[in-house]
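Observations on the three-dimensional arrangement
These are the residues of each chain, in order.
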Amino acid sequence: AGAAGVVPRLRVVRCMAASEAAQLKSAREDIKEILKTTYCHPILVRLGWHDSGTYDKNIEEWPQRGGADGSLRFDPELSHGANAGLTNALKLIQPIKDKYPGITYADLFQLASATAIEEAGGPKLPMKYGRVDITAPEQCPPEGRLPDAGPRLPAEHLREVFYRMGLDDKEIVALSGAHTLGRSRPDRSGWGKPETKYTKDGPGEPGGQSWTAEWLKFDNSYFKVDSLSFMLCRLKF
């Protein structure tokens, strides 16, 4: 009670408890096995990024501020245009979630993304776990917080999206380096070719247009091709 004897009203948001460490360790090994047989490294990285990329540093309340909270598993957010194709990632991850119910979706999405980067030759990431899940579709963030594939004013659009997350121009360019993995598909992002000489035979599901020749290898190749010049031009460095 306050000085005037008034009891403040508390707003309670239900959420799923944080993850169990032992289950996280086992789930990581299962994710490695999936990666060996499905070559799904890029889409798991995209899954983790899109679940977290709705974060808005200007909003204090949770879960309204978005971020890595497992909201991407719900249809309202999964149906956002920027998330086209991520149903395939959820189909890969759901059996692991069923096997390890002590892990939140929020942590599992980020675990899958980090493991995919490491198994593709990237660094071992110093991850921290303990994220909690939202529990209802009504808690999903609104559409429009992720970047568009082909905005009319690219530099302004990128800054609007990423400044909201707290990133600066150099960090935007660094983040873009994740495009060293994976392919763009016209039926998902609306950008790219149906296939190229680098993607027509897979591995995994063939097709799409990659930014690099070895699109399952996590390295700095993205910054050594025309993609870097394109990004710098968009940001007007």
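Residues numbered from 1 in each chain as written. Predicted model: local features only at pLDDT ≥ 70, side-chain atom pairs only at ≥ 80, totals over all residues. Heavy atoms only, no water.

- The protein has the name L-ascorbate peroxidase in an unreviewed UniProt entry, where Aegilops tauschii subsp. strangulata is given as its organism.
- Checking UniProt for the protein, the heading Cofactor (unreviewed entry) contains the comment "heme b". (UniProt positions renumbered as here; feature names shortened; annotations may be inferred.)

**Things to note about the pattern of salt bridges**
- According to the stated counting rule, one finds 7 salt bridges in the structure shown.
- With a shortest N-O distance of 4.0 Å, R28 and E29 are connected by a salt bridge.
- Linking E33 and K36 is a salt bridge whose minimum nitrogen-to-oxygen distance equals 3.2 Å. Of the two residues, E33 and K36 are both situated in helix α1 (residues 21-38); the distance of 3 residues between them amounts to about one turn of the helix.
- E33 gets classed as partly exposed once you look at its relative accessible area, which sits at 45%.
- Given a relative accessible area of 53%, K36 falls into the exposed group.
- Each of R28, E29, K32 and E118 takes part in a single network of salt bridges with overlapping partners. (Salt bridge = Lys/Arg side-chain N within 4 Å of Asp/Glu carboxyl O. Helix = DSSP H or I, 4+ residues; strand = E, 2+ residues; numbered from the N terminus. Buried < 20%, exposed > 50% of the residue type's maximum accessible area, 1.4 Å probe, protein only.)

**Some thoughts on helix α2 (residues 41-52)**
- With 12 residues, α2 extends 17 Å between its outermost C-alpha atoms, agreeing within 8% with the 16 Å of an ideal straight helix rising 1.5 Å per residue.
- Counting buried residues in α2 gives 9 out of 12 residues, a clear majority hidden from the surface.
- Along α2, the residues classified as buried are H41, P42, I43, L44, V45, L47, G48, H50 and D51.
- Residues of α2 that are buried sit in contact with α1, α3 (75-78), α4 (87-99) and α5 (105-119). (Expected span 1.5 Å × (residues − 1). Contact = heavy atoms within 4.5 Å.)

**Structural notes on the packing of aromatic side chains**
- Under the defined criterion, the tally for this structure stands at 3 aromatic pairs.
- Their ring planes at 15° and their centres at 5.9 Å tell us that W49 and F162 sit as a pair that is stacked. Placement of W49 in helix α2 and of F162 in helix α6 (residues 154-163) is noted, with a sequence separation of 113 residues between them.
- On the basis of relative accessibility, which here comes to 24%, the residue W49 falls in the partly exposed class.
- Among the residues examined, F162 registers a relative accessible area of 6% and is labelled buried.
- In this arrangement the basic side chain of K97 is found over the ring face of Y105, its NZ or CZ atom lying 4.9 Å from the centre. (Phe/Tyr/Trp six-rings, centres within 6.5 Å; stacked < 30°, edge-to-face > 60°. Lys NZ or Arg CZ within 6 Å of the ring centre and 35° of its normal.)

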